[in-house]
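# Report on the structure
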Amino acid sequence: GSPFLTREVLHGWTFGGRFAAIGGDALTIGSPASFNAGSTNGVWANYVGGSGYGSHASRKIASQSWINKDAFCPANFTGSGCTIQDMDAGITHLDLGTSTRGQLRGPGKFFADMTLMKVLPISDRFGAFTYGLTAQNILNHPVLANPDTSVTDGTFGQINSTIHPGYLAPAYGRVLQMSLHYQF
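Let us look at the structure shown here. (Residues numbered from 1 in each chain as written. Predicted model: local features only at pLDDT ≥ 70, side-chain atom pairs only at ≥ 80, totals over all residues. Heavy atoms only, no water.)

## Concerning the environment of C82
This is how the line gets drawn: Secondary structure counts use DSSP, requiring at least four H or I residues in a row for a helix and at least two E residues in a row for a strand, with both numbered from the N terminus. The criterion used for residue contact is that any of the two residues' heavy atoms lie within 4.5 Å.
Along the polypeptide, C82 turns up in the loop between β7 (77-78) and β8 (84-85). For C82 and N46, which are 36 residues apart along the polypeptide, the C-alpha to C-alpha distance reads 9.2 Å. Beyond its immediate stretch of four places on either side in the chain, C82 contacts F72, C73, P74 and F77.

If you want it as structure tokens, here you go:
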């Protein structure tokens, strides 16, 4: 091959990237409060002990059991397996739950993007082209959303969706964009 062609094709590229690691969101485990004298407002669930987190042996297992379901009960239940119901809840007192705001954390998020650019000069008189290639979510990995935090839902503790970084909605996988700009 020609040294000129090799130099023009392989040299002069500019590389850039963005890597972001973000900690998980604070999670508060909620419980319905309909037993509290007709209240429609939610309350916190009861924390009955043990680890608040389920198994995180793999991403698939973590998405099905991010929160340990056995560690929480509705606000008017207590005991192992949530077997003891407070029959006076909402009549003589309010049951507001014993878990705390932000007691657990959702999954962390990691984003990696890459940009590759090259200026292709034409001449001083006619300017230059700038070629660019941008890859968003270059690792093409899913970013888990927060789990369901309502203790009485059938999907409590499960992560049922993924999120995107927010700049290319609704794209969830790797996104490649090519551009060509003419500068004169």
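## Regarding the sheet that holds strand β11 (residues 127-136)
Applicable threshold: Pairing between two strands requires that DSSP report at least two bridges joining them. Axes here mean lines fitted to C-alpha atoms, for a helix over just the part in contact, with angles spanning 0 to 180 degrees between N-to-C directions.
The antiparallel open sheet is built from 4 strands, whose spatial order is β1-β10-β11-β14. With one partner strand each, in any of the chains shown, β1 (13-22) and β14 (175-183) form the two edges of the open sheet. Looking at each pair of strands side by side, their axes are set apart by 15° on average, direction ignored. Of the pairings in the sheet, the one linking β1 to strand β10 (residues 109-123) comprises 10 bridges and is antiparallel in character. By the bridge assignment, R18 is partnered in β10 with D113.

## Things to note about the packing of aromatic side chains
For clarity, the threshold we go by: When the centres of two rings from Phe, Tyr and Trp lie within 6.5 Å, Trp using its six-membered ring, the rings pair. Their planes under 30 degrees apart give stacked, over 60 give edge-to-face, and anything left gives tilted. For each residue, the accessible area found with a 1.4 Å probe, counting protein chains only, is set against the maximum for its type, and the residue is called buried under 20%, exposed over 50%, and partly exposed in between.
Going through the model one piece at a time under the given rule, you end up with 5 aromatic pairs. Ring plane angle 85° and centroid distance 6.4 Å describe the contact between F72 and F156, whose orientation is recorded as edge-to-face. Residue F72 is found in strand β6 (residues 72-73), and its partner F156 is found in the loop between β12 (143-144) and β13 (162-163); the two are separated by 84 residues along the sequence. The two residues F72 and F156 agree in class, both being buried. Through a chain of ring-to-ring contacts, three or more aromatic side chains come together here, namely Y47, F72 and F156.

## As for a nonpolar patch on the surface
Applicable threshold: The patches reported here contain residues having more than 30% relative accessible area and no salt bridge. Joining distances are 9 Å for like charges and 5 Å for nonpolar side chains (Val, Leu, Ile, Met, Phe, Trp, Tyr). To be clear on the numbers: accessible area is Shrake-Rupley with a 1.4 Å probe, and residue cover counts the displayed protein chains and nothing else. What makes a salt bridge here is a side-chain nitrogen of Lys or Arg within 4 Å of a carboxyl oxygen of Asp or Glu, nothing more.
On the surface, a cluster of nonpolar side chains totalling about 750 Å² of accessible area is made up of L120, I122, F126, F129, L180, Y182 and F184. For the nonpolar patch, the elements supplying multiple residues, two or more each, are β10 and β14. Take F184: it is sitting in the segment after β14. The class for F184 is exposed, based on a relative accessible area of 82%.

## Here's the deal with helix α1 (residues 3-10)
Here α1 lies mainly on the outside; 0 of its 8 residues are buried. Once α1 finishes, G12 follows within two positions and takes phi at roughly 90°, a positive value.

## Description of the pattern of salt bridges
Taken as a whole and judged by the stated rule, the model has 2 salt bridges. Here D113 ties to R18 by a salt bridge, and the two come within 3.1 Å at their closest N and O atoms. Of this pair, D113 sits in strand β10 while R18 is found in strand β1, placing the two residues 95 residues apart along the sequence. Judged by relative accessible area, which is 10%, D113 ranks as buried.

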